[in-house]
Amino acid sequence: MTAKIFQDTGWHYLTPIWQGKREIIQQGLPHSKLAPTWQILLLGDGSPTRHLQLLTGERTEVDLIEMSNVGMDSDNAPEAIQLLPGPRVRRQVWLRTASGQRLAYATSWWPANYVDRYLQNRKIPIWSSLSGRRTELYREIWGIHYGKSAFLESAFNHTGAFWGRYYLFWHQGKPITLIYEVFSPYLRKYLGSETIASPYI
């Protein structure tokens, strides 16, 4: 079955106020800059879908925004996209509770010939698709961002700035997708404030 392709509407990334690369991710941030609870979500290598479900007590569901062929274009994506063979497909989703509360925005890029193999059901979270197939994965976090987006302010119904990250999924020694995620400040309800101070504003 061929991936259904929706009209290309662009994707929504943060204009960074601050960003950190892999060295910072490996050692972690001072708690005054990012609270431990948020570090577990942003810098941990576990499934955000699972984490969100545990936090909210509700099933995490996906609203598919679009899937588009982007070919060999770098698509303004993080630099790790160069590790994915082209042509590529971009997928955008909202992660939300079953009751409708948006929790995160995510964009992912896939080699076009991987889409049908790893995303047979486009309307469920990526982790659900992969874990359902017992796919062994390694999540390699490449970067963390703190930044602004007028689109996400409107979509989350919260003023920015927001925390986000991007990472690669590896399977059998090969990268299969690059994922860029931004989390809603709504999660403060469960995780508390992101910072003790506001060092990046």
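Residues numbered from 1 in each chain as written. Predicted model: local features only at pLDDT ≥ 70, side-chain atom pairs only at ≥ 80, totals over all residues. Heavy atoms only, no water.

Undergrad: Any details on the environment of Leu-41? Residues and values, ideally.
TA: Secondary-structure assignment places Leu-41 in helix 2 (residues 36-43). Given a relative accessible area of 4%, Leu-41 falls into the buried group. Along the chain, Leu-41 and Phe-183 lie 142 residues apart, while their C-alpha atoms are 9.4 Å from each other. If near-sequence neighbours (up to four positions away) are discounted, Leu-41 is found in contact with His-51, Arg-165, Phe-183, Leu-187 and Leu-191. (Helix = DSSP H or I, 4+ residues; strand = E, 2+ residues; numbered from the N terminus. Buried < 20%, exposed > 50% of the residue type's maximum accessible area, 1.4 Å probe, protein only. Contact = heavy atoms within 4.5 Å.)

Undergrad: Explain the nonpolar core residue by residue, including any values.
TA: Generally speaking, nonpolar side chains in soluble globular proteins are found buried as a group. In this structure, Leu-34, Trp-38, Leu-42, Ile-144, Trp-163, Phe-183 and Leu-187 are the most contacted members of the largest nonpolar core, which totals 34 residues. Within the residue set of this core, elements represented by two or more residues are helix 2, strand 2 (60-71), strand 3 (88-97), strand 4 (102-111), strand 5 (138-148), strand 6 (162-171) and strand 7 (174-183). Ignoring anything within four residues of it in the chain, the contact list for Leu-42 reads Leu-34, Ile-141, Ile-144, Trp-163, Gly-164, Arg-165 and Phe-183. Core analysis: the second largest hydrophobic core is formed by 20 residues, Leu-84, Tyr-166, Leu-168 and Val-182 among them. (Core = buried A, V, L, I, M, F, W, Y, C linked by side-chain atoms within 4.5 Å.)

Undergrad: Talk me through helix 2; I want residue IDs and the actual numbers.
TA: Residues of helix 2 that are buried: Trp-38, Gln-39, Leu-41, Leu-42 and Leu-43. Buried residues of helix 2, viewed axially, fall in a sector of 165°; they line one side. Of the surrounding elements, those touching the buried residues of helix 2 are helix 1 (22-27), helix 3 (48-56), strand 5, strand 6, strand 7 and helix 7 (188-191). (Arc of directions from axis to C-beta.)

Undergrad: Explain the environment of Asp-45 to me, using residue names and the numbers behind them.
TA: As for its placement among the helices and strands, Asp-45 is situated in the loop between helix 2 and helix 3. As for Asp-45 and Tyr-167, which are separated by 122 residues in sequence, their C-alpha atoms are 9.5 Å apart.

Undergrad: So what about helix 3? Which residues, and what values?
TA: When we look at burial in helix 3, the residues that qualify are Pro-48, Thr-49, Leu-52 and Thr-56. Buried residues of helix 3, seen end-on, are gathered within an arc of 105° and therefore sit on one face of the element. Two or three places before Thr-49, at the start of helix 3, stands the capping residue Ser-47, its side-chain oxygen 3.3 Å from that residue's backbone nitrogen. Positioned one or two residues after helix 3, Gly-57 has a phi angle of 75°, which is positive. (Polar contact = N/O pair within 3.5 Å; in protein donor to acceptor, adjacent residues only side chain to side chain.)

Undergrad: Account for the pattern of salt bridges, with residues named and values stated.
TA: Scanning the model with the defined rule gives 9 salt bridges in all. Across the pair Lys-21 and Glu-79 runs a salt bridge whose closest N-O atoms are separated by 3.6 Å. In this pair, Lys-21 sits in the loop between strand 1 (15-20) and helix 1 while Glu-79 sits in the loop between strand 2 and strand 3, placing the two residues 58 residues apart along the sequence. Since its relative accessible area comes to 35%, Lys-21 is described here as partly exposed. Classification of Glu-79 by relative accessible area gives partly exposed; the value is 40%. Across the pair Asp-63 and Arg-96 runs a salt bridge whose closest N-O atoms are separated by 2.8 Å. Of the two residues, Asp-63 sits in strand 2 while Arg-96 sits in strand 3, which places them 33 residues apart along the sequence. Judged by relative accessible area, Arg-96 falls into the buried class, the value being 16%. (Salt bridge = Lys/Arg side-chain N within 4 Å of Asp/Glu carboxyl O.)

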